[in-house]
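Inside the fold
Okay, here's what each chain looks like letter by letter:
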Amino acid sequence: MTPVRVYIATTQGPSEVQRITEEDPNVRSVVCLNGTSEALPISAAYDAFVRKPTGVVEKEYGHSVYRVDVSERISDGKSWQLGLFTAHALLCVNRLAGKGENTELAVWVTGEVDRDLNVNPVDHVEEKLRKSSPLFAELKAAGVPLTIFMPKKNVGELETEWKDIVPLKTVREMYRELGLGEKTRPAIYKLTTGVIGLGALLVVLIVGGLWWGNLLGGIGESPKSNTAVEARKRPGKTELLGPFLELTAIEHRAPGRCPAAFPGGEAYNIVALDKTDTKHFTASSWEGLCAVEYGLNNNSDKPVHAWIKVFRLGSEPRFSRERRLPGMKDRELAPGEKLSITMVLPRWSKKPIMMRIIAAAGRNAPQETGKWLSKAKTDTLRRAGLAVRTADHAINPPTKPRFN
Amino acid sequence: MAAWSAFTSKQKTAAELVFDALSTMDGITDHGDASEAETQKIGFSDLYSFATRSDSMMDEELEHALKQDDRLRENLDKLLDETALYHGERVAAASTGKVDVREGKGFKIRLHESRASPRHIYIIIELKDPKAPSPTAMFLRGSKPLCQKLTLPRSQDGIIQILADSDSEMIEALRDIDTQVFLR
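In short, a report on the structure. Here the structure is a predicted model, which is why all the values come from computation and not from measurement.

Some words on the overall build of chain A
The helix and strand inventory of chain A stands at 12 helices and 19 strands. Across the 404 residues that make up chain A, the buried fraction comes to 50%. For chain A, the exposed area adds up to about 18900 Å²; of that, 55% sits on carbon and sulfur atoms.

Notes on the sheet that holds strand E1 (residues 86-88) of chain B
All names here are of chain B. Strand order in the open sheet formed by four strands is E1-E8-E5-E6, and the pairing between neighbours is antiparallel. The open sheet has two edge strands, E1 and strand E6 (147-151), and neither has a second partner. Averaged over all pairs of adjacent strands, the angle between their axes in this sheet comes to 15°, without regard to strand direction. In the sheet, E1 pairs with strand E8 (residues 180-183) via three bridges, with the strands oriented antiparallel.

Brief notes about the side chain of Asn154(A)
As for its position among the elements, Asn154(A) is in helix H6 (residues 152-157). Apart from the residues within four sequence positions on either side, Asn154(A) is in contact with Pro121(A), Val122(A) and Val125(A).

So, the packing of aromatic side chains
Scanning the entire structure with this criterion turns up seven aromatic pairs over all chains. Ring geometry for Tyr46(A) versus Trp80(A): centroids 6.3 Å apart, planes at 70°, classification edge-to-face. Note that Tyr46(A) is positioned in helix H1 (residues 43-50) and Trp80(A) in the loop between strand E4 (66-70) and helix H3 (81-92), a separation of 34 residues in sequence. When its relative accessible area of 0% is taken as the criterion, Tyr46(A) is described as buried. Residue Trp80(A) is classed as buried on the basis of its relative accessible area, which comes to 1%. For the pair Phe85(A) and Tyr175(A), a centre-to-centre distance of 6.4 Å together with 35° between the ring planes defines the contact as tilted. In this pair, Phe85(A) sits in helix H3 while Tyr175(A) sits in helix H7 (residues 171-177), placing the two residues 90 residues apart along the sequence. Judged by its relative accessible area of 0%, Phe85(A) is buried. Put simply, the rings of Tyr46(A), Phe49(A) and Trp80(A) touch in pairs and so form one group of aromatic residues. Above the ring of Phe311(A), the side-chain terminus of Lys309(A) is found at 5.3 Å from the ring centroid. Positioned above the aromatic ring of Phe50(B) is the side chain of Lys149(B), whose terminal nitrogen or guanidinium carbon lies 5.2 Å from the ring centre.

A word on the pattern of salt bridges
In total, this model carries 20 salt bridges over all chains according to the counting rule given. We note a salt bridge from Lys302(A) to Glu72(A), for which the minimum N-O separation is 3.9 Å. One end of the pair, Lys302(A), is in the loop between strand E14 (289-298) and strand E15 (304-313); the other, Glu72(A), is in the loop between E4 and H3, with 230 residues separating them in the sequence. According to the relative accessible area criterion, Glu72(A) is buried, its value standing at 13%. The closest approach of N and O atoms between Asp100(B) and Arg175(B), which form a salt bridge, is 2.9 Å. Of this pair, Asp100(B) sits in the loop between E1 and strand E2 (101-104) while Arg175(B) sits in helix H6 (residues 169-175), and the two are 75 residues apart along the sequence. On the accessibility criterion, Asp100(B) (36% relative accessible area) is partly exposed.

What about empty space enclosed by the protein?
Residue and element names in this part refer to chain A. Counted according to the given criterion, the structure contains two cavities of 30 Å³ or more. Put simply, the second largest cavity is a space of about 30 Å³. As for the second largest cavity, its lining consists of Leu33, Ser71, Glu72, Arg73, Pro303, Val304, Glu332 and Arg363. The residue inventory of the lining of the second largest cavity, partitioned by class, reads three nonpolar, one polar and four charged.

A word on the pairing of E6(B)
Residues and elements named next belong to chain B. Here E6 lies mainly inside the structure; four of its five residues are buried. Pairing analysis gives five bridges linking strand E5 (residues 137-141) to E6, with the strands arranged antiparallel. Bridge pairing links Leu140 to Gln148 in E6. Where E5 folds back onto E6 in an antiparallel hairpin, the turn is made up of five residues.

Quick look at unusual backbone geometry
All names here are of chain A. Looking along the chain, the bond that leaves Lys52 and enters Pro53 is cis, with omega of 5°. Mapping Pro53 onto the fold places it in the loop between H1 and helix H2 (57-61). The phi dihedral of His124 falls on the positive side, at around 60°, and the residue is not glycine. Secondary-structure assignment places His124 in the loop between strand E7 (119-120) and helix H4 (125-131).

Points about the packing of helix H4 (residues 60-68) of chain B against helix H5 (residues 70-83) of chain B
Residues and elements named next belong to chain B. Contact geometry of H4 with H5 gives a least axis separation of 5 Å together with a crossing angle of 110°. Here H5 runs roughly perpendicular to H4, going by the angle between their axes. Of H5, the residues touching H4 (which contributes Ala65, Leu66, Lys67 and Gln68) are Asp70, Leu72, Arg73 and Leu76. Grouping the amino acids of the contact of H4 with H5 by side-chain chemistry returns four nonpolar, one polar and three charged.

What counts and how
Residues numbered from 1 in each chain as written. Chains lettered and ligands numbered in written order. Predicted model: local features only at pLDDT ≥ 70, side-chain atom pairs only at ≥ 80, totals over all residues. Heavy atoms only, no water. Helix = DSSP H or I, 4+ residues; strand = E, 2+ residues; numbered from the N terminus. Buried < 20%, exposed > 50% of the residue type's maximum accessible area, 1.4 Å probe, protein only. Areas by Shrake-Rupley, 256 points an atom, 1.4 Å probe, with all protein chains shown as cover. Pairing = 2+ DSSP bridges. Axes fitted to C-alpha atoms, helices over the stretch in contact; angles between N-to-C directions. Contact = heavy atoms within 4.5 Å. Phe/Tyr/Trp six-rings, centres within 6.5 Å; stacked < 30°, edge-to-face > 60°. Lys NZ or Arg CZ within 6 Å of the ring centre and 35° of its normal. Salt bridge = Lys/Arg side-chain N within 4 Å of Asp/Glu carboxyl O. 1 Å grid on protein atoms, 1.4 Å probe; cavity = no way out; pocket = protein on both sides within 12 Å on 5 of 7 lines; lining within 4 Å. Points joined across faces, edges and corners; volume = space filled by probe spheres on them. Nonpolar A, V, L, I, M, F, W, Y, C, P; charged D, E, K, R; others polar. Parallel < 35°, antiparallel > 145°, perpendicular 65-115°, else oblique.

Here it is in structure tokens:
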């Protein structure tokens, strides 16, 4: 039977289930982003969805703790339940397509699952479908058939007509559609666990031996190895993201003097600065300049996690309006969103002010990113798979030193 | 502070001359180290903010100041001690100096390697009284780095679980017997 790729629908776009692995019963179930150690906020709810007595996964599939890896963030709500339940059902018969694995069928899923395995309606289905249009087009172009699973009640509420929808009242209809066998499948799984376990152990030993041999001999990984796929793809993804991240600098100029505290209700002239080259903004003149807003635009079609920090190269701290520069900022950026940080100019200066802006962004948020960025370790950020943008900005001193 | 507009032109000229002189003096004494120039005096309010506010994290300036100033470190220790809900002292362990379990009054921390991904480690904080107030931040006070802060997820039945890279500074600090843990 062919492996099936499961996509969980979110309002930010589809999130692919990349892997489900059994974990030690001494820990809690966790949903991680893209193979990293970043646990998503739904982890606690997923643990409750798995674990007896509240959960249904342990009851159906016999194990109490799992780690799931998904390709994109899933922030909250319960509409992921049907998607992850479907993924567990496929995993149980070794039909869940892993990351990078070829597949001949994809399922796009949204819905809640209750303790009796009924499928309950969810919100924002139309929006989720719209956000997944690029994926549907990709799958169509690749010739991969798609099935959409959603609660029956939601189907009746759709304003647009969609093909390939399978309305569900219970998970049994999903079992039937995927040819999983409604009652026998979990029972077979439980009865044969011991036999499969022994077989799996042998397979692991053989595969492990081959892998170790390859490693020692430098022959390279098997083309189907997830590790190999990840190693090849990760830098590519960063390179792909890079051109879609844009650093900006916007001047806030007051017609007269700047107010004592920015912004202070002043009507400013807003001037967007051009770049002289990829790493330098056009220098600013001092007169009338109150603040500069540095920003990072996410021009890609996917959400990213972004960080930005400004560094002042040389200073006259005695005259700073603010005792310290603005701290680092970070948050998730939806497509088209901007993360910005504002540097308020000192009231008085006779030297040029040199600013360095460093921003980083990626699909993942490695734990140490803030620390690396605060130390301007751009190479480390890149090695962690993040796209990095830097630019310098000079603010020329006044011709004659005066209060601004 | 008087408004600039309240000064006479004579006063303004005098102030500009003084500022010019001070700026020249700064230029003479400036060693040209950008990172040093950027570092400004860290005060008690910065420490307090770091110890008590969830959005205040360790940054380069604070770390630098803590390294340089013994008194600041003492103040941080006092603050953490006074504001923490739970405190785990240094571990009295055998000579290896590495621990996977730490216990403090009212809590226990276990490090558990992930079966699914051996390069990741679960940090499991077990509160002995699940109904006790749940901490929202963990501070690791060690030697290198001096202090790490981590925002904690909500506890579930008295258990807080975090996943971390096995080679991260956080794991290294938790395994170091000389690290003190403060849960706030």
